[in-house]
Amino acid sequence: MNAINVGIIGVSGYTGLELVKMLINHPIFTLKYCANTEGETTVSELHPALLGVCDMGVEKVDLDRAASLCELIFLALPHKTAMNTAKGLLERGVKIVDLSADYRLSAENYEASYCEHEDIENLEHAIYSIPELHGRRAQGSRLVANPGCHVTATLMALAPFLEHIDTTQPIFIDSKTGVSGAGKSPTAGVHYVSVNDNINCYNIIKHRHAIEIEQHASLLSGNDIKVTFVPSLVPMTRGMLACVYATLKSNVQPDEQLEKFYENKPFVRVRMAPPHTKMTSGTNFADVYATRHGNALVSMCAIDNLMRGASSQALVNANIMMGLDETFGIPVIAYVP
Ligand SMILES: NC(=O)c1ccc[n+]([C@@H]2O[C@H](COP(=O)([O-])OP(=O)(O)OC[C@H]3O[C@@H](n4cnc5c(N)ncnc54)[C@H](OP(=O)(O)O)[C@@H]3O)[C@@H](O)[C@H]2O)c1
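Everything quoted here is computed from the prediction, not taken from an experiment.

Calculation notes
Residues numbered from 1 in each chain as written. Predicted model: local features only at pLDDT ≥ 70, side-chain atom pairs only at ≥ 80, totals over all residues. Near = placed C-beta within 6 Å. Helix = DSSP H or I, 4+ residues; strand = E, 2+ residues; numbered from the N terminus. Nonpolar A, V, L, I, M, F, W, Y, C, P; charged D, E, K, R; others polar. Buried ≥ 20, exposed ≤ 12 C-beta atoms within 10 Å, placed from the backbone. Pairing = 2+ DSSP bridges. Contact = placed C-beta atoms within 7 Å. Axes fitted to C-alpha atoms, helices over the stretch in contact; angles between N-to-C directions. Domains from an automatic or database assignment. Core = buried A, V, L, I, M, F, W, Y, C linked by C-beta atoms within 7 Å.

**Here's the deal with the site of the ligand**
The full set close to the ligand counts 30 residues, and Ser-12, Gly-13, Thr-37, Ser-100 and Gly-183 are the nearest of them. Listing elements by their share of the shell around the ligand, those giving two or more residues are helix H1 (14–23) and helix H12 (307–321). Looking at which element gives the most residues to the shell around the ligand, the answer is H1, with three residues. Taken together, the residues that form the shell around the ligand break down as 11 nonpolar, 17 polar and two charged.

**Looking at the pairing of strand E15 (residues 296–303)**
Burial of E15 is extensive: six of the eight residues sit out of reach of the surface. Both strand E12 (residues 240–247) and E15 contribute to a ladder of eight bridges, which runs antiparallel. Looking at the pairing, Tyr-245 lines up with Val-298 of E15. Sheet topology places strand E14 (residues 286–293) next to E15; seven bridges connect them, and they run antiparallel. Paired with Asp-287 across the strands is Ala-302, a residue of E15. Counting the residues in the hairpin turn of E14 and E15 gives two residues, including Gly-294, whose phi is positive at 65°.

**A word on the environment of Gln-253**
For Gln-253, the position within the fold is in the loop between E12 and helix H11 (254–261). Taking the C-beta count within 10 Å as the criterion, Gln-253 has 13 such neighbours and is therefore assigned partly exposed. For Gln-253 and Ala-290, which are 37 residues apart along the polypeptide, the C-alpha to C-alpha distance reads 8.9 Å.

**Some thoughts on the sheet that holds strand E3 (residues 41–42)**
Sheet architecture is open: eight strands sit in the order E3-E4-E2-E1-E5-E6-E8-E7, paired in mixed fashion. With one partner strand each, in any of the chains shown, E3 and strand E7 (127–128) form the two edges of the open sheet. One ladder, built from two bridges, connects strand E2 (residues 29–36) with strand E4 (residues 57–60); its direction is parallel. Residue pairing for E4: Asn-36 is matched across the bridge by Lys-60. Packed on one face of the sheet, helix H4 (residues 81–91) meets strand E1 (4–9), strand E5 (72–75), strand E6 (95–98) and strand E8 (143–145) and runs near 165° to E6.

**Thoughts on the domain arrangement of the chain**
Per the domain assignment, the segments making up the chain are domain 1 (4–125) and domain 2 (150–305). Centre-to-centre separation of domain 1 and domain 2, based on C-alpha positions: 26 Å. Tallying the contact residues gives nine residues for domain 1 and seven residues for domain 2. In terms of residue class, the side of domain 1 that touches domain 2 is made up of four nonpolar, four polar and one charged.

**Focus: the nonpolar core**
Counting residues in hydrophobic clusters, the biggest one holds 95 residues, and the most contacted among them are Ile-73, Phe-74, Leu-75, Ala-242, Val-288 and Cys-301. In terms of residues, this core owes the most to one element, H12, which gives eight residues. Of the domains in this structure, domain 1 (4–125) and domain 2 (150–305) are the two that each give at least three residues to this core. Once residues lying within four places of it in the same chain are set aside, the contact partners of Phe-74 are Val-6, Ile-8, Leu-19, Val-97, Leu-99 and Ala-314.

**Section: unusual backbone geometry**
The phi torsion of most residues other than glycine is negative, and most of the peptide bonds are trans. Here Val-336 and Pro-337 are connected by a cis peptide whose omega angle stands at -5°. Counting through the fold element by element, Pro-337 comes out in the segment after H12. Located in the positive-phi region is Glu-40, a residue other than glycine, with phi close to 55°. For Glu-40, the location among the structural elements is in the loop between E2 and E3.

Here you go:
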C-alpha cells in the first residue's frame with residue numbers, strides 16, 4: 001500500500017506530542033508537516049524527550065503549504081482556532097481529524113456551551129466517532145470530530161447498558177482526570193501546589209462534556225438521556241476513570257453484557273475487577289468493568305486521557321477514514337510499573 005502523507009497542527013501541545021510518537025512508527029502514514037503558532041523550531045526542541053528520535057522542522061501554520069504536503073491533517077488545537085483552520089484546509093481538499101470540540105455537537109448545543117459556530121457548513125457533515133460504538137462510519141469521510149476524553153470514558157461505560165437503564169431515574173457520572181487533560185498552559189488550578197496531595201471536583205453539572213455525553217448517549221439510545229456529571233482533578237499526569245451509576249430495569253448480568261457488547265473489539269478489555277488507569281497508560285485501551293447491587297448499576301471505564309481520550313482514538317479514526325486496519329500504529333503496551 002502507498003504511503004499517505006499526514007500533518008499535525010498544534011504539535012507543541014500534549015496531544016500533538018502523542019500524535020508524533022505514534023505517527024513516526026506508523027506503517028502507512030508519513031509525518032510530513034508539523035506546525036504551531038510561531039514555527040521556526042523543531043519537534044525535538046519543543047519536546048526534548050524526542051531528541052534524536054524526531055528532529056523534523058516545525059513551521060508557522062500555512063494552509064497552502066500544509067495542503068500541498070498532506071492528504072490528512074490532525075488538528076490538536078484549542079476550540080475556535082480549530083474550526084477556522086479546518087475550514088481553510090477542507091476548502092483545499094485536505095481531510096481532517098479534529099481533536100477539539102468544534103465539530104462534536106449540534107450547532108445549538110455548541111453555541112450554548114462554547115461560542116458562535118463559524119463553520120456550520122462543515123459541522124453538518126462531520127462524523128463523530130468512537131469506533132466501538134459507531135462502527136466504521138468514519139470510512140471515506142472528510143472530517144472526523146474526535147470525541148472528548150470524559151465523554152469517551154463515560155460512553156464506553158454507559159453505552160452497553162442504555163437499553164437496560166431506567167432513564168426516568170438519575171444517571172450520575174463521577175469522572176476523574178489527570179492534569180494533562182488541561183493542556184500545557186499553566187493556570188492557578190493546575191499549579192503543583194494546587195494539584196499535589198489534593199483532589200477536587202470542578203465545573204460540576206455544568207462541565208461542557210456533560211452536554212456532549214447527553215447528545216451522543218441520546219443518539220445512541222434513541223431516547224432523551226440526561227446525566228448529572230461530576231468531574232474531578234486528581235494528582236496524576238495522565239489517566240482517567242469514569243464511573244457511571246444508574247438504575248437498571250432488567251436483570252441483565254453486567255459482566256456478561258460487557259463481554260457480549262465488546263466481543264472482538266481489539267481495544268476494549270472487559271475486566272473482572274475494577275480497572276486501573278495505569279494499565280491503560282500510553283495505550284488506546286479502554287478497560288471496562290461493571291457490577292450491580294440490586295437494581296443499582298455501577299459501570300466504569302479507565303483510559304489514558306491523552307491517548308484513548310484524544311490522540312490514539314484520533315489515529316484509529318484516521319486509519320478508518322483512509323480504509324486502513326484500525327489497529328495500524330496503535331500502541332498496546334502500557335507504561336507500567
Ligand atoms: N489534553 C487532553 O487530555 C485532551 C483530551 C481530549 C481532547 N483534547 C483537545 O485537544 C486539543 C489540544 O489539546 P492539548 O491538551 O494538546 O492542548 P495544548 O497542550 O494546550 O496545546 C495546544 C496546541 O495548539 C497550538 N495553538 C494554539 N493556538 C494556535 C494557533 N492560533 N495556531 C496554531 N497553533 C495554535 C499550540 O501552539 P503553541 O505552542 O505555539 O501555543 C499548541 O501546540 C484541545 O482542543 C483539547 O480540548 C485534549
